Protein chains: 2
Amino acid sequence: MSEQSEVITKLLRPDSIAVIGAAREPNKIGHAIVKNLLRFSPSREKVFPINPNADEILGLKCYKSIKDVPHNVDLAVIAVPAKAVPQVLRECVEKGVKAIAIISAGFKEIGNVKEELELVEIARKGSARILGPNIIGVADTVKKVNASFIQQLPKEGNIAFISQSGALAIGLAGWTSLKQIGLSDLVSMGNKADLNEVDFIEYFGDDEYTKVITLYLEGVEDGRKFLEVSKKVSKKKPIIVLKPGKSERTSQAIRSHTGSLAGSDIAYEVAFKQAGIIRAPTIIELFDWAVAFNLLPLPRGENSVILTNGGGAGVMATDAAEEFKVKLMDIPNDLAEKLRKFMPPFGSVYNPVDLTGMASPSDYEGALKTLLEDDRVNNVIILYCHTAQTDPADVANAIIRAKSSVGKEKPITVCFIGGKECEDAMRMLISNGIPAYDTPEKAVSAIGQLLKYRRFLEKNKEEDMKEIKVDKSRAEKIIKAAIEEKRNILLPSEAAEVAKSYGIPVVDKVRVNTVEDAVKAANSVGYPVVLEVESPNILHKVDVGGIILNIKSQDEVRQAYEKIMKNVKEKAPNAEIRGIIVRKMVPQGRETAIGMHRDPTFGPLIMFGSGGTLIELYKDVAFRVTPLTKEDAEEMINETKASKLIEGIRGEKPSDKEKVKEIIIRIAKLAEDFPEIEDVDINPLFVYGVGDYNPPVLAADVKVVLKALNASQSH
Amino acid sequence: MSEQSEVITKLLRPDSIAVIGAAREPNKIGHAIVKNLLRFSPSREKVFPINPNADEILGLKCYKSIKDVPHNVDLAVIAVPAKAVPQVLRECVEKGVKAIAIISAGFKEIGNVKEELELVEIARKGSARILGPNIIGVADTVKKVNASFIQQLPKEGNIAFISQSGALAIGLAGWTSLKQIGLSDLVSMGNKADLNEVDFIEYFGDDEYTKVITLYLEGVEDGRKFLEVSKKVSKKKPIIVLKPGKSERTSQAIRSHTGSLAGSDIAYEVAFKQAGIIRAPTIIELFDWAVAFNLLPLPRGENSVILTNGGGAGVMATDAAEEFKVKLMDIPNDLAEKLRKFMPPFGSVYNPVDLTGMASPSDYEGALKTLLEDDRVNNVIILYCHTAQTDPADVANAIIRAKSSVGKEKPITVCFIGGKECEDAMRMLISNGIPAYDTPEKAVSAIGQLLKYRRFLEKNKEEDMKEIKVDKSRAEKIIKAAIEEKRNILLPSEAAEVAKSYGIPVVDKVRVNTVEDAVKAANSVGYPVVLEVESPNILHKVDVGGIILNIKSQDEVRQAYEKIMKNVKEKAPNAEIRGIIVRKMVPQGRETAIGMHRDPTFGPLIMFGSGGTLIELYKDVAFRVTPLTKEDAEEMINETKASKLIEGIRGEKPSDKEKVKEIIIRIAKLAEDFPEIEDVDINPLFVYGVGDYNPPVLAADVKVVLKALNASQSH
C-alpha cells in the first residue's frame, strides 16, 4: 500500500478521530459531527472532541488541543472558523496526524486563495494530507464512520461516490438510501486544496470494498494526470462521471478553427471516452448504471435479446437499443423453435421476443432459461407489463429461478411497468442481484453501458506515436527562430516546413506581387503550376477569371499573371488584391481537415473531420486528446461523415485510410513534442482515391500558431 | 354535442352496460369485467351480464342475449371468442346499442383482416361505433366505470390517456396510481377497426373533465385527418404523445406486430411539431410533463429564473435549460439587490440564483416571493438539496406560502434531492398544485414544454399557400403528357417547365451531342453560356478541362465544344461521355436544396437545406408536411445550417430569405395541386447575396418523379 493510499485509508476508515471545534450546542456543526460519529462508529472511546472551552461533549472527555490527546489520531476533522484553521492545523501536524478533513468554509470559494494555499503549506511540512476545505465531511460504510453532518450513514454497498458539490452529496446520501443503493464511501471534496479526484480514483481503484467508482465533477485539477490515472483504474473497475457544464462556452481568445470548433466541454467528453470513463447525463443514470455494474457480470459479447410480454414496451426498448448501441441479435431458427414453446401461436420469435400478454410466469421462466442456456446469447433484457392474469412477484420469482438454475454468468436487466406490486417485485429482483428499472429505456441503457465498458476493455491501448519517425530538430529551428523574432504565427512557408519535417506532405506555394517573382516561384515549386488571385472579397475565383490552371512554362506564367490581373480588375473592380499565389498544380482531392488546439486542462486536443470553406458551418469533426493510438485515429475518422469521403461516395474509389490515420498521429506527435505550439490547422487536407495521386494525402494549407509570447518564454 | 361525441360519452361513461360473454368462472375475462364494473360503478342494477348458459353471475340476473335486456343499453362490452363476435355484434345492433367495446382478440393482429372489416360493416348498419377489437377495455374515473380487466380504477384526475398498446395501458394504470397521477379516462384502442386516435383526440379536446390529452401511439390511421384535428385541439389543450419507432428495426417490429403501417419517423416528428403536439421520449417524461400542464398556468413569457441552494444542482439545471430552450433571464440590478437579502454575501444573484447551502426555509420563501412579485420574471424553477440545517417539509411549506401569498399565476416547478423526507415534501408540493421532481433536469424540462406549447399557441397559423399565383394548367399539360406516355420521370426540360410554371426560376440548359446542336442550344438559352462535359466518371470537371465558362458567340461555342472533347479524351481517356451541357452562364450561388417526398401517412413532406453534391453526406435538411405557412418555411430554414449561408457567412452579404421562403411555399403548392407527383428535387438551388444577381434565387437543377404508373392511373 502506497503512502498516499495509507493516508486516505486513515481519512475514510480511521480507528481514532479528533473533532476540532467539537461543540456542546446541538445546532453547531461541531456538535453534529461528534454525534454522528458516536451514532455509527462502533468504538466511542476513540472519538476525541477538541474544544478549549469545554470539559465534556456528549459524554466524552474534551481536550483543549489535539496535542493533549493521549492516543495517536488517524483522522482530524476541523470545524472551527476559517481564521482559526491555520493554528489548529499546525497543532495537528505537530501531533503527527496525517489525514485531515477541513469542514470549515471561507477559503477559495469566497476568493481567499492565499489563505487556502497556506493550509496546504502547513500540511506539507508534516507530510499530512488535507481533504477540503469547505466539505461536508466523509462517510464510510466499511468501518461505519460518519465524520460529516449528514444525518444518516448511507446504505452499505460497493459504490464509491465522490462529489465536488457538498449540497448534492448530502441530498444524494438520502436519495441513495431511499432507492436502496449501497455506497462504500461518500466523499465530499470541497475546494480540493490538496486531495482531489485523481487521488480518490486511484485509491478506490485498489479498494477491495469498492466495485464501481462514481463522481460528480465540475472540473478536474490536472487533466493529464486525471487521464493517466483514470485510464489505468478503468481497466480494473468502471468509473462513472456526472459532469455538467455542456452549455458553458470557452471564454479564452480563439485563434484557430480547431479551437473554435472545440467548446470547453469537448475536451472533457473525449478525455472521458479515451479513459474508458462512462459519462452519465443525470444523477438517475449515474446510479442506474452504477447499480448494473455493481450487480452484473460483464457481457461476453454483443448479442442481446429483449424478452417482453407487450409489443409497446418492446418497441420502446428497440428504439433505446439503437440509441445505446445494444445489438439485437437475429434469433437463429433452432433457438426460435425452442422459444415458441413459451408463447401462443401469435407470439413473436423475432427480437424483441414477444411472449404476448398471455405470458405466464412459467413462460417467462422457460424462455429466459432457454436464452441463458444458449451460448450465442450474451445479454438478456426482460420487460414485463403488469397484466390481469399474472402476479408481478410470481414473474420476479420465475426470473430469479431461471437465472439461478442455469448458473451461467450473463448480464440480465429487467423492467417492470405497473403499480405497487411491480415496485415490490423489482425490489426482490434487485436483492437477488438483478437490476430492475421502471422503464424499458433504462433496462436497455444499463446493458448498453456494460457493453460500452466491455468495448473499452477490449481495445488495444498501445500508443502508436512512438514508432513515428520525424525530423524534430528541423521543426525546432523554425519554431525557435519565430519565437526569437517575437512572432507567434508562423509564416505559411515556415508552417509548411514544420509539417513536412513531421512527415506531412504539403502543397508548395508562394505568394508574389510581381510577374518576375511569379516566375521565380513557379521555377521553385515545379511545373505545372496554378496561379490564383488572393483577395478577401473574391469567394469564387473561377467566376471572375481569378484562377488559371495547368501552366507549363515561364512564358505561360507571365501571360497568366497579366491575364488574372486584367480579369479581376474588370470583373471585380472593388476587390482588394493581396497578391497572386503560385502553387504546384495538384488535383482537387476530397476535402478533409486536421487540427490541434491545446486545451488548458487536457493538453493537445486533436481534430479530424470534413474540411473546406464550410468547415465551421457543418462542424463535422471529431476530437481526441493525446497520446493517441491508431485505434483512436480510426475512431475519430469513423465518428465523422468525412469517413464516407475516405471510403468513397457515389462509386468513387476508396482512399488510403491508414495514411490519414498516420497523419493524425503525426500531428499528435508534433503537438506533444512542442508545447510551444498552441494551434495547428490543416484545411483542406486533400485525400485521393487509391492510386489517383501521389502522395495519397496532401495538405493544401497549413497554419501554425504558437503560444502568446509571455507564455512561450517560460519554456 | 356531435353524434360521435355522444357515442364516445356512452362508451366511456355509460349509465347502462351489457357484458356479453360474462362468465361465472373467476379466471375468465368475462368474469373479471363484471366484477370490476360492480366494484367501482355506483349503480349495480344497470350492469347486465349476457351468457346463454347462466342464470346469475355475481348476484346479477343473466340474460341469454342482449336483446332480452329489459332496459336500454349505453355500452356493450364483448368478450366472447372471435368466431362468436359477429353474431353477438349483430344482436347489439338489433338492440340499438351505439357504443360497443370489443375486448375479444383474434382479428387483424393475427392476420384476420377480412373478419375485422366484417365487424365494422355490421356496426355501420346500425350506426354503431366500435372500440377495438383486441382491447383491454375502458376505464373512466368521471363516472367510475371500470369496463376492463384492469384490477384497479386509475386515480381520479384530468389527464386522458389513450393507448395503442393494451399491455402498456394495464401497466400504466398501476404505475400512475403509484405515482399519484390522476387520469380522467384510460382508453385502450386495440386494432382501431373503427374508432381511433383522431376520434378520441377530438372528443377529449371538448371534454370538460380532461385538461391534458396523452397518447401512446405506434402509428396513425389517417395522417391528414390526424394533423387537421390535432391542430385544432392543441389550440384548446395540450396533447402529449409517446411514439416509438425511431429506429429502423422498430418500424419492422411494429409492422409485424400490430399490423399498423409505420410511416417514416421524420414525417411523424414534423407532423407532431406542426400540430403543436409535444413528443415525449419515454413514459416518465410523458407523465412528468402531463402533470406540469395539468397543475400549472401557461407562462406569460420566456423569462425564467432558477433558484437553488446548491451550485451543483444549479449547473445541472443550466445545462438542461439550454437543452430544453428555457431562457435564463439576466437578473436586473434592482431585483438582484432585493434577492441579496435572502443569501449570505457569497451567494449569487446571477441566474441560477444561489442562496447557498445556508439557505433557510424563510430565505426560500423571501426569494421566491420576490421573484413572483416581479413582473419581469415569468417562470421559476426551484432546486433544493436536503441540508443538515433544514427540514424539507419546512422548505416545501415556505414555497407553498410564497406562492399563495403572491397570488400571481406563474408556473413554478420544483426539484428536491434527498431521501424519504424529500419524497414526502414533494408529495405535499404536488397536492398544493406545484409539480415536484427528483432531478433538476426534470424540473427544467417541464417548464421547457410549457414554453414550447406557449410558442405554438402564439404562432400565426394562417396558411400562406393560397395567395401564391401559379400557372397550374401549364404544369398539368406536361404532367398529363408524361403519364399518357407512361413515363414516371419527367425529362429535365419538362421538370424545368413545371418549376417555372409554379414561379420558380430555373437555369436554362440543354444536353447536346453535336457541335451544331450546341450552337442551337446556346442561341436558345442566351449568351454568355457555359459548356461542360457530362460524365458519371468525372467529378471535378475543372481538373480535366471539362468546363469552359463565359462563351459569348457561336464561334466560341464551336471552339469550346471541340476543346472540351479533346481535353477530356486526353486527361480522362476512360471516362464515359454522355454529352455536353450547354447552359446559360450564371454565377455560382450559395448551394441550398429544396425537395418534396410524398409520405404514405401524412402526404407531401417538404424539405429544405444545404445543397450541392454532398447533400446526402451532411444531411443538413429540415422537413415539414403541407399545408405550410410562411412561418413554417422560416422555421425550416432556421433549423438548418443553410440558414447561415442565407444570412451570409464570413462577411458575405445576406440573401433574400423571403424569396427562399416563397420558393418553399411554391413547392408545397405544387405538391398539393398534383397528387401525381411523388418526388421533387431541386439541387442546387442557388441563393445570391442581395443585389448580386437577378433572380435572387435560382434552381440550377430540377428533378420531378411521378407516381408509379399503376398508382397514377387511379387519378
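In this text, all values refer to a predicted model and were calculated from it rather than measured experimentally.

## With respect to the domain arrangement of chain A
- Partitioning chain A into domains gives domain 1 (3-210), domain 2 (297-458), domain 3 (461-507 + 586-715) and domain 4 (508-585).
- With centres defined by C-alpha atoms, the gap from domain 3 of chain A to domain 4 of chain A works out at 27 Å.

## Considerations on the pairing of strand β27 (residues 677-687) of chain A
Residue and element names in this part refer to chain A.
- Across the 11 residues of β27, 11 count as buried, placing the element largely inside the fold.
- Two strands pair when backbone bridges link them, and strand β24 (residues 590-599) and β27 are joined in this way by seven bridges, in the antiparallel orientation. Looking at the pairing, I594 lines up with I682 of β27.
- Where β27 and strand β29 (residues 702-706) come together, five bridges link them in antiparallel fashion. Residue pairing for β29: D681 is matched across the bridge by K703.
- Inspection of the sheet shows β27 paired to strand β28 (residues 697-699) by three bridges, in the antiparallel sense. Each bridged residue has a counterpart across the sheet, and for V687 the counterpart in β28 is V697.

## A closer look at the relation of the copies chain B and chain A
- For the pair chain B and chain A, the relating rotation is 180°, the translation along its axis is 0.0 Å, and the fit reaches an RMSD of 0.1 Å. When the rotation and shift are considered jointly, the pair of chain copies conforms to a two-fold rotation axis. Residues of chain B ranked by C-alpha distance from the rotation axis are headed by Y618(B), positioned 3.8 Å from it.
- With an isologous cut-off of 70% or more, the 90% of interface residues of chain B that recur at the interface of chain A puts this contact in the isologous class.

## A word on the pairing of strand β6 (residues 99-102) of chain A
All names here are of chain A.
- Of the two faces of β6, the one holding A99 and A101 and the one holding I100 and I102 are both buried throughout.
- Where strand β5 (residues 75-78) lies against β6, four bridges are found, and the strand directions are parallel. Bridging across to β6, A76 finds its partner in I100.
- Following the backbone out of β5, through helix α3 (residues 85-95) and into the adjacent parallel β6, one traces a crossover that is right-handed.
- Bridging between β6 and strand β7 (residues 129-131) involves three bridges; their strand directions are parallel. Residue pairing in the sheet places A101 in a bridge with L131 of β7.
- Read as a crossover between parallel neighbours, the route from β6 over helix α4 (residues 113-125) to β7 is right-handed.

## Topic: the environment of I57(A)
All names here are of chain A.
- As for its placement among the helices and strands, I57 is situated in strand β3 (residues 56-57).
- I57 sits in the buried class, given 23 other C-beta atoms within 10 Å.
- Residues I57 and V687, 630 residues apart in the sequence, show an inter-C-alpha distance of 76 Å.
- Once residues lying within four places of it in the same chain are set aside, the contact partners of I57 are A22, R24, V34, P49, N51 and C62.

## So, the environment of G526(B)
Residue and element names in this part refer to chain B.
- In this structure, G526 sits in the loop between α19 (515-525) and β21 (529-533).
- Residue class for G526 comes out exposed when judged on the 10 C-beta atoms lying within 10 Å of it.
- Sequence separation between G526 and A317 is 209 residues; the distance between their C-alpha atoms is 61 Å.

## Side note on the sheet that holds strand β12 (residues 212-216) of chain A
Residues and elements named next belong to chain A.
- Spatial strand order, β9-β8-β11-β10-β12-β13-β14: seven strands in an open sheet with mixed pairing. Looking at strand neighbours, the two that pair on one side only are β9 (145-148) and β14 (278-279), the edges of this open sheet.
- Pairing geometry for strand β10 (residues 156-163) and strand β11 (residues 183-188), over six bridges, is parallel. In the strand pairing of β11, E156 is matched with L183.
- Across the face of the sheet, helix α2 (residues 29-40) comes into contact with β8 (137-140) and β9 while running at roughly 175° to β9.

Conventions adopted
Residues numbered from 1 in each chain as written. Chains lettered and ligands numbered in written order. Predicted model: local features only at pLDDT ≥ 70, side-chain atom pairs only at ≥ 80, totals over all residues. Domains from an automatic or database assignment. Buried ≥ 20, exposed ≤ 12 C-beta atoms within 10 Å, placed from the backbone. Helix = DSSP H or I, 4+ residues; strand = E, 2+ residues; numbered from the N terminus. Pairing = 2+ DSSP bridges. Least-squares fit on C-alpha atoms with pLDDT ≥ 70 in both. Contact = placed C-beta atoms within 7 Å. Right-handed = clockwise from strand over helix to strand, strands pointing away. Axes fitted to C-alpha atoms, helices over the stretch in contact; angles between N-to-C directions.

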